[in-house]
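Take a look at the letters that make up each chain.
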Amino acid sequence: QDYFHQLLCNTEKEQFIVPIRAIGARAVLDFPDQLDFSVCPVKHSTQKTLLVHNLGNRAAHYQISTQRPFSVFPGMGTLGIGDTMQVTVEFHPLRTGDHSASLAVHYDTGEDTHTSLHGTAVDVHITLDRNSVTVEKTYITLSNHTTVLIHNQSDVTAHFQWKAFDEEEENLLKLRQCRRLCWQEKDKLNDFLKRHRVDTTRRERFALLSRILQSERAKVQGDPLLFSSDIFSIEPMEGEVRPNCSAEISVFFKPQQARVYKQAVYCDVSG
């Protein structure tokens, strides 16, 4: 805490003021002014670890925050005078192009410091060997299969998932599901309030119900919506492809009727 006072001095001829300032002890964490991730693969996590010192003359009680596609760990804590800690900043862009954000360090004494974060996301050389597969004619109730390859000619390990929807469709579906859950939550809470006079015990049940519904919404957001079909199946459904390697994917076909089947499936690949 800082203090400021004034001494008012009176003499026979004049009156003047002497200001007195006392600057309180401060914590100073030596974050850099700027952190540049340079060029990184899209949909891939790139991390930088900072060794941060407390150069001030009091313990640092801090909170650290930033914005997507950047994240930081730890987000809060205490660091003693002269001590050091590791802070990990992650860059996980979901779109190609340039990205910028600010990393803010907030101290319990009220001051804030900021570090500029920059990164550029690009596509790396990860491809399918073909974008269409045809399975040979197959008898009803029997099974046939073909293969497709994922080639990773980059220097990062690629994680892949076969999905039922493209990214835009998936986001819209999850948005509709969350809205439906919100209406269900509103109806359940209104019904609860009508049937109960809220006291301490019921207030706890009310909070428990809210937590359950929040957990259900989190499950919706975290669901990868992997591909599922009674006619076609894919193995493996998800996995990793190491740098300069390929992964063989099997596509199985088990028809239930004498007809032509067509199905679109999306391969979501980091990088």
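All of these numbers come straight from a predicted model, not from anything done at the bench.

S.K.: Even after reading the chapter, I still don't get the overall build of the chain, so can you show me in this structure?
M.R.: Of regular secondary structure, the chain possesses two helices and 17 strands. With the model as given, the accessible surface of the chain reaches about 17900 Å², and the carbon-plus-sulfur share is 50%.

S.K.: Hey, could you run me through the sheet that holds strand β11 (residues 126–128) in this one?
M.R.: The strands that make up a sheet pair up through hydrogen bonds in the backbone, lying either parallel or antiparallel. Here we have four strands laid out as an open sheet, ordered β11-β12-β16-β14, and antiparallel in their pairing. Edge positions in the sheet fall to β11 and β14 (232–235), since each has one partner strand and no second. Here the strands of the sheet are splayed against their neighbours by 20° on average, with no regard to which way each runs. As paired elements, β11 and strand β12 (residues 144–152) share three bridges and run antiparallel to each other. Counterpart to Leu 128 in the pairing with β12 is Ile 150.

S.K.: Honestly, the pattern of salt bridges in this entry has me stumped. Any pointers?
M.R.: Think of it this way: side chains of opposite charge can pair up when their charged atoms draw near. One pass over the structure, following the stated rule, counts six salt bridges. With its nearest N and O atoms 2.9 Å apart, the salt bridge here joins Asp 2 to Arg 26. In this pair, Asp 2 sits in the segment before β1 (3–10) while Arg 26 sits in the loop between β2 (15–22) and β3 (34–41), placing the two residues 24 residues apart along the sequence. Classification of Asp 2 as partly exposed rests on a relative accessible area of 38%. Each of the salt bridges in this network shares a partner with another, and the network as a whole consists of Asp 2, Arg 26 and Glu 111.

S.K.: What's the story with the pairing of strand β10 (residues 112–122) in this structure? I'm lost.
M.R.: Along a regular strand, successive side chains alternate from one face of the sheet to the other. With six bridges connecting them, β3 and β10 associate as parallel partners. Its bridge partner lying in β10, Val 39 is registered against Thr 120. Between the end of strand β9 (residues 97–107) and the start of β10, which pair antiparallel, lie four residues, with Gly 110 showing a positive phi angle near 105°.

S.K.: Even after reading the chapter, I still don't get the sheet that holds strand β15 (residues 238–241), so can you show me in this structure?
M.R.: Across the sheet, which stays open at both edges, the three strands sit in the order β15-β13-β17 with antiparallel pairing between neighbours. In this open sheet, the two edge strands, each paired with only one partner strand, are β15 and β17 (266–269). Geometrically, the sheet is characterised by an average inter-axis angle of 25° between neighbouring strands, direction not taken into account. Note: strand β13 (residues 158–163) against β15, four bridges, orientation antiparallel. What sits directly across from Phe 160, in β15, is Gly 239.

S.K.: Would you mind going over the side chain of His 44 with me for this structure?
M.R.: Mapped onto the elements of the fold, His 44 is located in the loop between β3 and β4 (46–53). The exposure class of His 44 is buried, given its relative accessible area of 19%. Once residues within four sequence positions are removed from consideration, His 44 is found in contact with Phe 91, His 92, Pro 93, Val 156, Thr 157 and Gly 271.

S.K.: What should I look at first to understand unusual backbone geometry in this one?
M.R.: Note: most residues except glycine have negative phi, and most peptide bonds are trans. Geometrically, the link from Arg 68 to Pro 69 is a cis peptide bond, its omega value of 5° lying close to zero. Position of Pro 69 relative to the elements: it lies in the loop between β5 (60–65) and β6 (70–73). Across the junction of Glu 235 and Pro 236, the peptide omega takes the value -10°, indicating a cis bond. Along the polypeptide, Pro 236 turns up in the loop between β14 and β15.

So, how was this worked out
Numbering of residues starts from 1 in every chain and runs along the sequence as written. Local features are withheld for residues below a pLDDT of 70 in this predicted model, meaning they are given only at 70 or higher, and side-chain atom pairs are given and counted only at 80 or more; totals for whole chains, interfaces and linings count all residues. The side-chain figures draw on all heavy atoms in the structure; neither hydrogens nor water molecules are used. Only DSSP runs of H or I with at least four residues qualify as helices, and only runs of E with at least two residues qualify as strands; both kinds are numbered from the N terminus onward. All accessibility values rest on the Shrake-Rupley procedure with a 1.4 Å probe; residue burial counts only the protein chains present in the view. Pairing between two strands requires that DSSP report at least two bridges joining them. Lines fitted to the C-alpha atoms define the axes, with helices restricted to the stretch that makes contact. Angles between their N-to-C directions range from 0 to 180 degrees. By definition here, a salt bridge exists when the distance from a side-chain nitrogen of Lys or Arg to a carboxyl oxygen of Asp or Glu is within 4 Å. The rule is simple: take the accessible area with a 1.4 Å probe, protein chains only, and divide by the maximum for that residue type; under 20% is buried, over 50% is exposed, in between is partly exposed. Residues count as neighbours in contact if any of their non-hydrogen atoms are within 4.5 Å of one another.

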